[in-house]
Amino acid sequence: MPKAIQYKSNSVIYFAGDSDYRVFLLQKGKLVLSAIDIETGMQINEYIREGEFFGVKSALGKFPREESVMVVADSVCLAFSTAEFELFAQNNTRIVMKMLKVFSNQLRHIHHQIESILKSEEQTNPDDGMYSVALAFCNSQDFGPAAEVAMRYLQLFPSGKHISEMKQLVQKGLVHQDKNNGVSENGIMTQPKNETEAKPEEIYSMAEKFEEQGKLDEALRQYQAVISNADETLKRKAYLKAIRCLYKTENYNRGIQTGTNFISSFPSSPEIPFVLVEMGNCYKKLNQMNKAEAFYAKAAAMNPQAIPGGN
């Protein structure tokens, strides 16, 4: 039998990236579903009405949650196991038809979004298009913008056909940036002799030194380079540092989006509580205190040490 669960206002039922294979039905209260729009990359919110199911697709498909569900007002939900929901659906064809209609509309909306993303006036392949832009910057000696485009390419197309060329552009941008900033005699900044020698560990170390010097934009660029080209352990550390840099430079929405990407990419990472705290800090600066408190509560429940002053 499904279980009735009471949720207090400002709590979180689940986060994007959670592996929770229950299906929920809102009996009473008010919930908001938050997800990232695949077309704009911005967060979108949708209220769940009483009598509606949620969490169905990820539960039946056995994949991590694609959205977060937060409690706006005290609520009561019925939680079904997958087997309980399947049994319920077999005996309620009206409910099944209603959900199929909803899924059909969602798929149609996703199709239109993907069409919009892929369509351009010249029908340019985005893989080739980004490479052409980065190469144009490089040819005009604008290595910083070239590296930024290349880093974005590596995030969007990790298996793209221009992957090796883009990695070289990232390294070239880092070397050029280091020359412009200068290398101190006391060893505060060090850089390999040429771009082919730069390893993710060395780039990460440079990023930390930039951050210590208060050069947060430079630090962020290099943390992003590590995220694009490093093993999982170092990549997770760079993600957390990048979010903190975004917070310090008042890029709160980007910090939240980067944190969401981290949770989706590493749903079992031990850094998640610390990422949740940084996202909560960003929400706090955006005066969204309900969300901030929910993120802090989730982080404390996972690891009290993630909260400043926690045990």
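Sequence positions are assigned chain by chain, starting from 1 and proceeding in written order. The predicted origin of the model limits local features to residues at a pLDDT of at least 70 and limits the giving and counting of side-chain atom pairs to 80 or more, whereas totals for whole chains, interfaces and linings rest on all residues. With hydrogens and water stripped out, all remaining heavy atoms of the structure feed into the side-chain values.

(A) Focus on the overall build of the protein. Helix numbering and strand numbering both begin at the N terminus, where a helix is a DSSP run of H or I of at least 4 residues and a strand a DSSP run of E of at least 2. Along the backbone of the protein there are twelve helices and six strands. For every residue, the accessible area obtained with a 1.4 Å probe (protein chains only) is divided by the maximum for its type, and the residue is called buried under 20%, exposed over 50%, and partly exposed between those limits. By the burial criterion, 41% of the 311 residues in the protein qualify as buried. At a minimum sequence separation of 6, the contacts of the protein that also span at least 24 residues come to 63%. For this analysis, residues touch if any pair of their heavy atoms sits within 4.5 Å.

(B) Main features of the pattern of salt bridges. Criterion for a salt bridge: a side-chain nitrogen of Lys or Arg within 4 Å of a carboxyl oxygen of Asp or Glu. Under the definition given, this model contains eight salt bridges. E52 serves as the salt-bridge partner of R49, at 3.1 Å between the closest nitrogen and oxygen. For E208, the salt bridge is made with K241, and the minimal N-O distance between the two is 3.6 Å. With E208 in helix α7 (residues 200–212) and K241 in helix α9 (residues 232–248), this pair connects stretches of sequence that are 33 residues apart. Since its relative accessible area comes to 22%, K241 is described here as partly exposed.

(C) Highlighting the environment of P267. Tracing the sequence through the fold places P267 in the loop between α10 (252–265) and α11 (272–285). In sequence terms P267 and S19 are 248 residues apart; their C-alpha atoms lie 7.7 Å from each other. Leave out the neighbours within four places in its chain, and P267 touches G17 and I272.

(D) Looking closely at the nonpolar core. Put simply, a nonpolar core is a bunch of buried Ala, Val, Leu, Ile, Met, Phe, Trp, Tyr and Cys residues held in one set by side-chain atoms that sit within 4.5 Å of each other. Counting 55 residues, the largest nonpolar core has M166, Y223, F262, L276 and F295 as the members making the most contacts within it. Counting residues per element, this core draws most heavily on α9, which supplies eight residues. If we skip the residues at most four places from it in the chain, M166 touches M130, Y131, A134, A150, Y153 and L154. Residues I13, Y14, V71 and A79 belong to the second largest nonpolar core, which totals 14 residues.

(E) Region of interest: the packing of aromatic side chains. Pairing of aromatic rings covers Phe, Tyr and the six-membered ring of Trp, with a centre-to-centre limit of 6.5 Å; geometry is then stacked below 30 degrees between planes, edge-to-face above 60, and tilted otherwise. As enumerated under the stated definition, the model contains 16 aromatic pairs in all. Judged by centre distance (5.4 Å) and plane angle (70°), the rings of Y239 and F262 are edge-to-face. Of the two residues, Y239 is situated in helix α9 and F262 in helix α10; the sequence distance between them amounts to 23 residues. A relative accessible area of 11% means that Y239 is categorised as buried. For F262, a relative accessible area of 0% gives the class buried.

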